[in-house]
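Spelled out, the chains give:
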Amino acid sequence: MNSPRIAFVGAGNMATSLIGGLLAQGVPASHIRASDPGVEQRSRLNAEHGIELFADNPAAIAEADVVVLAVKPQVMKAVCLDLARHLKGHELVVSIAAGISCASLANWLRAERPTAPAIVRCMPNTPALLRQGVSGLFATPEVSAAQRQLAEQLLGAVGLALWLDEEQQIDAVTALSGSGPAYFFLLIEAMTQAGTQLGLDAQTAARLAQHTALGAARMAAESQVEAGELRRRVTSPNGTTEAAIRCFQAGGFSELVQQAMQAAQQRSAELAAQLGD
Ligand SMILES: NC(=O)c1ccc[n+]([C@@H]2O[C@H](COP(=O)([O-])OP(=O)(O)OC[C@H]3O[C@@H](n4cnc5c(N)ncnc54)[C@H](OP(=O)(O)O)[C@@H]3O)[C@@H](O)[C@H]2O)c1
């Protein structure tokens, strides 16, 4: 990264991961600042990463080129209204908050300025905490090509970053990768339970399920071949895998996944409507 100055507003789990990822990419600690109300959180981050921490949000963003809004959605409006008159206008604002639209952010951050701020809205997911995340990113028209690159590098520090053409797609990203880790946890949980019913001890069943998920995900992500074809290749006619897959299909597995994701997408849109204005 061409060493821009980055300020994090809210220094919780997600901000800490992003900061760790940026430092690992070679961004100097002197170019990263963060603000958080928690005294212990500030001392911990300062001790761990050597970045400057502030109790006051406007002080943290004073010289920033990129302002990362990493607070919970419920406090975002108050945080933005407080920051608005301290923004100079050239900054890229990156929001990782679930359910807060670019229009709401622009509205709260605009203050008396004639032009709207450059905003990138992202939906990361929990594995970002291990730098194994995947994020969907949407940029408003005010975001320059260089700022897009900055946002991509920022989220790229904790995993894969993929651009979206329309902001509405964030709800679909939320339903897929945002909530998705829990779907895989559910499958691991169910496979572990079924494994114990088949005679394995719980710990062995859990480790077999976890590492099968890990191995299968790596095969799917690293292969040029799509997941459906990988599945067909490991499903011999009349074999054990086919017996299980038939059972899944008879129970309407694909339709169930579709319904579950539609429910998540709808809930994401509902929450966004409640949080915005
Ligand atoms: N974690 C995920 O997997 C994930 C995935 C997708 C999106 N996100 C989004 O990422 C954002 C942050 O999530 P997180 O998991 O990192 O939450 P978090 O750990 O709770 O971090 C938020 C931090 O902001 C601090 N804060 C509260 N009020 C503040 C204020 N007025 N000014 C500055 N800082 C303030 C909190 O301090 P206190 O604890 O003292 O209140 C906390 O340290 C959320 O909007 C969430 O929707 C998270």
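Analysis parameters
- Along each chain, residues carry numbers from 1 onward, in the same order as the chain's sequence is written.
- In keeping with the model being predicted, local features are shown solely for residues with a pLDDT of at least 70 and side-chain atom pairs are shown and tallied solely at 80 or more, while totals for entire chains, interfaces and linings include all residues.
- Neither water nor hydrogens contribute to the side-chain values; these are computed over all heavy atoms in the structure.
- A helix here means a DSSP run of H or I that spans at least four residues, while a strand means a run of E at least two residues long, and both kinds are numbered starting from the N terminus.
- Multiplying one less than the number of residues by 1.5 Å gives the expected span of a helix.
- Relative accessible area decides the class of each residue, using a 1.4 Å probe on protein chains only: under 20% of the type maximum gives buried, over 50% gives exposed, and in between gives partly exposed.
- In this description, one arc is meant: the one made by directions from the helix axis to the C-beta atoms.
- Should any heavy atoms of two residues lie within 4.5 Å, those residues are considered in contact.
- Throughout the structure description, domain borders are defined by an automatic or database domain assignment.
- Put simply, buried area is the surface a 1.4 Å probe can reach on two separate parts but cannot reach once they are joined, added for both.
- Every case where a carboxyl oxygen of Asp or Glu lies within 4 Å of a side-chain nitrogen of Lys or Arg is listed as a salt bridge.
- Under the convention adopted here, Pro, Cys and the residues Ala, Val, Leu, Ile, Met, Phe, Trp and Tyr are nonpolar, Asp, Glu, Lys and Arg are charged, and Gly plus all remaining residues are polar.
- UniProt positions are given in the numbering used here, feature names are shortened, and annotations may be inferred rather than shown by experiment.
- The convention used is that axes are lines fitted to C-alpha atoms, helices contributing only their stretch in contact, and that angles between N-to-C directions extend from 0 to 180 degrees.
- Working rule for angles: under 35 degrees goes down as roughly parallel, over 145 as roughly antiparallel, 65 to 115 as roughly perpendicular, anything else as oblique.
- By the definition used in this description, the sense in which the near helix is turned from the far one sets the handedness, with an anticlockwise turn below a right angle giving left-handed and a clockwise turn giving right-handed.

Enquirer: Explain helix H8 (residues 180–197) to me, please; I cannot follow it from the model alone.
Expert: In an α-helix, one full turn covers 3.6 residues, which means residues spaced three or four apart are oriented alike. The end-to-end C-alpha distance of H8, which contains 18 residues, comes to 26 Å, matching closely the 26 Å that a straight helix rising 1.5 Å per residue would cover. Buried within H8 we find Gly 180, Pro 181, Ile 188, Thr 192 and Gly 195. For H8, the angular spread of the buried residues around the axis is 120 degrees, confining them to a single face. Structural note: H8 exposes Leu 186 and Gln 197 on the side pointing more than 90 degrees away from its buried face. Where the residues of H8 are buried, they touch helix H7 (169–178) and helix H9 (202–222). Where H8 terminates, the next one or two residues include Gly 199, which has phi positive at roughly 115 degrees.

Enquirer: Whenever I open this one, the domain arrangement of the protein chain confuses me. Can you help?
Expert: Taken as a whole, the protein chain is organised into domain 1 (6–170) and domain 2 (178–272). The gap between the C-alpha centroids of domain 1 and domain 2 is 33 Å. Listed per partner, the contact involves five residues of domain 1 and four residues of domain 2. Both sides together, the interface formed by domain 1 and domain 2 hides about 340 Å², and carbon and sulfur atoms give 62% of it. Connecting domain 1 to domain 2 are zero salt bridges. Of the residues assigned to the side of domain 1 that touches domain 2, the class counts are three nonpolar, two polar and no charged.

Enquirer: Before we go on, may I ask you to explain unusual backbone geometry in this structure?
Expert: Trans is the common state for peptide bonds, and a negative phi is the common state for residues other than glycine. Although it is not a glycine, Arg 131 adopts a positive phi angle of roughly 60 degrees. Even without being glycine, Asn 238 reaches a positive phi, approximately 65 degrees. You can see Asn 238 is positioned in the loop between helix H10 (227–233) and helix H11 (240–250). In this structure Asn 238 comes out as exposed when scored by relative accessible area, which is 73%.

Enquirer: It is not clear to me how the side chain of Ser 104 should be interpreted in this structure. Could you clarify?
Expert: Mapped onto the elements, Ser 104 comes out in helix H5 (residues 102–109). Each residue touching Ser 104, except ones within four places of it in the same chain, is listed here: Gly 276 and Asp 277.

Enquirer: In this structure, what is going on with the pattern of salt bridges? I would like to understand it.
Expert: Between side chains of opposite charge, a pair can form as their charged atoms come close. A full pass over the atoms with the stated rule returns 10 salt bridges. Here Arg 33 and Glu 52 are joined by a salt bridge, their closest N and O atoms 3.6 Å apart. Of this pair, Arg 33 sits in strand E2 (residues 32–35) while Glu 52 sits in strand E3 (residues 52–54), placing them 19 residues apart in sequence. One network of salt bridges, in which partners are shared, links Glu 226, Glu 229, Arg 232 and Arg 233.

Enquirer: What am I meant to see in the UniProt feature "domain: Pyrroline-5-carboxylate reductase dimerisation" (unreviewed entry) in the protein chain here?
Expert: The residues that UniProt annotates with the feature "domain: Pyrroline-5-carboxylate reductase dimerisation" (unreviewed entry) are residues 167–271. Regarding residues 167–271, the helix share stands at 82% and the strand share at 0%, and the terminal C-alpha atoms are separated by 15 Å.

Enquirer: Before we go on, may I ask you to explain the UniProt feature "domain: Pyrroline-5-carboxylate reductase catalytic N-terminal" (unreviewed entry) in the protein chain in this structure?
Expert: Summarizing the sequence annotation, UniProt attributes the feature "domain: Pyrroline-5-carboxylate reductase catalytic N-terminal" (unreviewed entry) to residues 5–99 in the numbering used throughout. For residues 5–99, the helix share is 41%, the strand share is 20%, and the end-to-end C-alpha distance is 26 Å.

Enquirer: Can you help me understand the packing of helix H1 (residues 13–24) against helix H2 (residues 39–49) in this one?
Expert: Two packed helices can be described by the angle between their axes and the distance between those axes. Look at H1 against H2: their axes get within 12 Å of each other, and the N-to-C directions meet at 15 degrees. As summarised for this structure, H1 and H2 are arranged roughly parallel, according to the angle between their axes. Crossing of H1 over H2 shows right-handed handedness. Note on element contacts: H2 touches H1 through Gln 41, Arg 44, Leu 45 and His 49, opposite Thr 16, Ile 19, Gly 20 and Leu 23. Here the residues of the contact of H1 with H2 sort into three nonpolar, four polar and one charged.

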